[in-house]
Amino acid sequence: MKAPKSIKDLPRSDEPLAHIVNADQPPLPKPYGNGAELPEIAPLKAGTADKVVVLDDTVALNIPVPKNKEEEDALVQKFLSGLRKCLTAENNWTFLQPFLLSLEHCAKCQTCSDACHIYEESGKNPLYRPTYRSEIFRRIYFKYVKGGSTFTHGDIDLNWKTVARLIELAYRCNLCRRCAQTCPIGVDNALMAREIRKIASQEMGIQSKECHDNGSMLQLKVGSSTGMNALVVKDNIEFIVEDMTEKTGLDCSIPWDKEGAEILLMHNAGEIMAWPENVAAFAAIFNAAGVSWTLSSEHAAYDSINYGTWYDDVQFARTAILHAKAAAKLKVKKIVFGECGHAHKALTVIADKVLTGDLNVPREAAMPVLRDIVMSGKLKLDPSRNDFPVTLHDPCNYVRLMGVVMPQREVMKKVTPPGRFREMEPHGVHNYCCGGGSGFAIMSGHNFGDWRHHLSGRKKLRQVLEAFKNEPMDKEHPKYICAPCSNCKGQLRDIINYYDAWEKHGIGYGGLVELIVNAMADAKPGFIDWEWH
Amino acid sequence: MDLVPYVAAYIAIGIFVVAVVARFLMWRKLPMHVRWELYPVAHDKRAAYGGSYLEETNWWTKPRERSLSGEVKAMSAEILFLVALKEHNPKMWSRSFPFHFGLYLVIAATCLMLGGGLLAAISPSLMAGGFGKLIQYAVIGCGVGGLGLGLLGALGLLERRLTDPELKDFTSPADLFNLVFFVIAFGTALASFALVDRDFGRAMFFAHNLVTFKMAALPGEGMQLYLPVASVVLLGALCAYIPLTHMSHFVGKFFAYHAIRWNDEPNLKGGHEEKAIHALLGQPVSWAASHIKGDGKKNWVDVATEDLRK
Ligand code: SF4
Ligand code: SF4
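Bear in mind that the values here come from a model prediction, so they are computed numbers and not experimental data. (Residues numbered from 1 in each chain as written. Chains lettered and ligands numbered in written order. Predicted model: local features only at pLDDT ≥ 70, side-chain atom pairs only at ≥ 80, totals over all residues. Heavy atoms only, no water.)

1. Considering the overall build of chain B
Helices and strands together make up the secondary structure of chain B, namely 13 helices and 0 strands. Starting at the N terminus and walking to the C terminus, you meet the elements of chain B as α-α-α-α-α-α-α-α-α-α-α-α-α. Over its C-alpha atoms chain B spans a radius of gyration of 25 Å, topping by over 25% the 19 Å that the globule rule assigns to 310 residues. Its C-alpha atoms give chain B principal-axis dimensions of about 85 × 45 × 40 Å. Expressed as a percentage of the 310 residues in chain B, the buried residues total 49%. Put simply, chain B shows about 14,600 Å² of open surface, and 70% of that area lies on carbon and sulfur atoms. Side chains of chain B give 29 positive and 25 negative charges; the mean places of these two sets differ by 1 Å. (Helix = DSSP H or I, 4+ residues; strand = E, 2+ residues; numbered from the N terminus. Rg over C-alpha atoms; globule rule 2.2 N^0.38 Å. Buried < 20%, exposed > 50% of the residue type's maximum accessible area, 1.4 Å probe, protein only. Areas by Shrake-Rupley, 256 points an atom, 1.4 Å probe, with all protein chains shown as cover. Lys, Arg positive; Asp, Glu negative; His and termini not counted. Charge placed at Lys NZ, Arg CZ, Asp CG, Glu CD.)

Below is the structure:
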């Protein structure tokens, strides 16, 4: 295994710091085994390192290699300037206290390392320890900003490589906060990674293109990161309604801009493009239950995503305000999110201390709403229609970070026949990230997708294989991963394709609402179409 | 010489109190931050599985039941037994637990001695009788147990920091110095017990004088005197040193749990937090990236409501 020997290698080494091959990684459970037959991470194109900063086997950000000393110094100075702003109440009131606590108080016990799926799946490569980036960041803070002694806080060289690689390394973390759960002091290495991303974005203009230019900026300019404006969305929805009404025989109509509705439903617009059945399933369920609901065609309100959540407080606040404004304008009673984890957390929890007055429209998670509908008896359900093994993925954003754990399980009990549902281990608030968290699910420049499938997403695949270990592993026996989150679904789709898990082993995936509609006795049978993806 | 242990103890206590209060206030005066809780949240009635009030529809219309006992239970298990470390890093726990528990016992012994000294001043007959003996036994138990456990723990932690490659790279010279400081201070106090003060009589005499401001000379000469004095000075120095270093994490931990991990307090419409939020949003922004162009004049409301469609 190629791995850094010390945190001090980051500023010093001229080579990429890590290289992972299958043989370094813990073998996958059956039917995959030791990995000999699996592909390796594809190498970066020749010459990549001459143009952009390379940290390890992949590149997330395309930070240009500085051309001269002035550019090198500018990179360092901008980072320090951003760090200083991050320490002020004006510029960073949003996270100042949690950030300072994590900066000041790590006991360097490494308890958090074993909680991290990326570190584990890398074969415990030190570069991917939750503390590797945090400790470098901390030492920069103490030595170069606070003027503390290196005897007390440890030493680190600060040059352009430290800065560029540290920023790149902040994009090797899913921000899932599983490590933070285990820290005996309460230090949050996910937050440390996010603060590095923040400095990079808000001060230096360094972002992942997928999250920023094609993500939050596109949403703020056009209305959706998919590039769809309101007209195009409405068109697509019309098509979905037509198609799915015919397929299910249910009322899949979708109301737009209904003033005074009980619920403003906000979907991740990616669903409309990639998983239209999910959008239709919500409509079928809400209509069958007699819910008063609507979508909004206001600017950005037909796309619940808020990519600023992962890297930029300003982009975050801009998007959250647009979402809240649309709800206020329609005078709805509450906002409910479709199956999108980060959208839940963004507007329900984080934006809670941003929205006031009329913008403070109550927000609630989809799972309790669905649970109440399913439990109310308003839907006629036939669980035998879901007669296949099902496991449940817990999206970090609304499980570990919002405590929404049981409603989806109560629904699951109602829509699957006895014995068909099995938990992953661990599950609930101790779940593992799907591997697509913090923007990874939409990032695939260079060979980043390969890196995701080998490192960040592999633990989830392991959990899935273990959950289905007593089932026949072929396509004739389909097995369903219920992943009620768009990003998680995107990541699962990619990893299933990469490991050929559907074709070879019959592992498919989908959301929760699809399982509900598939069990609705009034619907034409066979709503879940295994060849969908 | 007579005054040295007293002066050292008063200074140490003074520095400790001032430094801890200052740290506490420093953390407290930081502005409100966005919610960043992490489940399980101990005061939620669903804490056993990590659930929250957000599992209910229309949660803002329902009373939120907070269980103080849940918080106290979780916090005391964490403080006394370091349960997170035990669960996630048993190797470290086997060293860290005796170290911390030893420290707690030493603190308990100190409090008992000071309390006993005060009681003796108020009611000499009470402390002269059976109750006084009981206190003395408790002091001996806590003192010896605490110093022994603490010493063992500190040596264990030192061994791990020096030999485990996982920890070595992250260990600063001060981390080693701190542990050595503990070893020396606790080792000296243990030696004082073993060689000079087996019934903690001198220690209690000293504590009594300390709380009554008598500052009478400690009995004995040579090692009989120097060892107890050295113990007081070293333990005092340690007591003053701890809150000046990252070992003050006990203060930070309080905020990490109460203000962040477990802070699930919602900002309800028209509630008391809205005013504070308005003030925060009125602050100037100076982030320089081109999509923000913070000039130090635009505030958060300005940048967050900018229409990028233009
Ligand atoms: S973040 Fe917490 S668990 Fe990790 S090394 Fe620091 S103190 Fe230990
Ligand atoms: S937040 Fe998740 S991905 Fe990031 S270091 Fe912690 S456990 Fe690993």
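2. As for the overall build of chain A
If you tally the helices and strands in chain A, you get 24 helices and 8 strands. Taking 24 Å as the expected radius of gyration for a compact globule of 533 residues, we find that chain A reaches 23 Å, a close match to that expectation. Per-residue burial over chain A gives 67% buried out of 533 residues. Sequence separation of 24 or more characterises 78% of the internal contacts of chain A that already satisfy a separation of 6 or more. Treating the 64 positive side-chain charges of chain A as one cloud and the 65 negative ones as another, the clouds have centres 5 Å apart. (Contact = heavy atoms within 4.5 Å.)

3. Some points on the layout of surface pockets
The space that makes up the second largest pocket amounts to roughly 700 Å³. The wall of the second largest pocket is formed by 27 residues, among which Pro40, Ala74, Val83, Arg261 and Trp262 of chain B lie closest to the centre. Within the residue set of the lining of the second largest pocket, elements represented by two or more residues are helix 10 (178-182) of chain A together with helix 2 (68-81), helix 3 (83-88) and helix 11 (249-261) of chain B. Split by residue class, the lining of the second largest pocket holds 14 nonpolar, 6 polar and 7 charged. (1 Å grid on protein atoms, 1.4 Å probe; cavity = no way out; pocket = protein on both sides within 12 Å on 5 of 7 lines; lining within 4 Å. Points joined across faces, edges and corners; volume = space filled by probe spheres on them. Nonpolar A, V, L, I, M, F, W, Y, C, P; charged D, E, K, R; others polar.)

4. Looking at the site of ligand 1
Cys106, Cys109, Gln110, Cys112 and Cys183 of chain A are the nearest of the 13 residues found near ligand 1. Here the residues of the shell around ligand 1 sort into 8 nonpolar, 4 polar and 1 charged. (Near = heavy atom within 4 Å.)

5. Description of the site of ligand 2
As a structural note, the neighbourhood of ligand 2 is formed by Cys116, His117, Ile118, Pro130, Cys173, Asn174, Leu175, Cys176, Arg177, Cys179 and Ala190 of chain A. Tallied by class, residues from the shell around ligand 2 come to 8 nonpolar, 2 polar and 1 charged.

6. Notes on the confidence of the model for chain B
Residue and element names in this part refer to chain B. In this model, chain B carries a mean pLDDT of 95, and residues with pLDDT of at least 70 account for 99%. The least confident element of chain B, judged by mean pLDDT, is helix 5 (residues 124-128) at 87; the most confident is helix 8 (residues 173-195) at 97. Reported confidence for the predicted complex is 0.95 by ipTM and 0.96 by pTM. (pLDDT = per-residue confidence, 0-100.)

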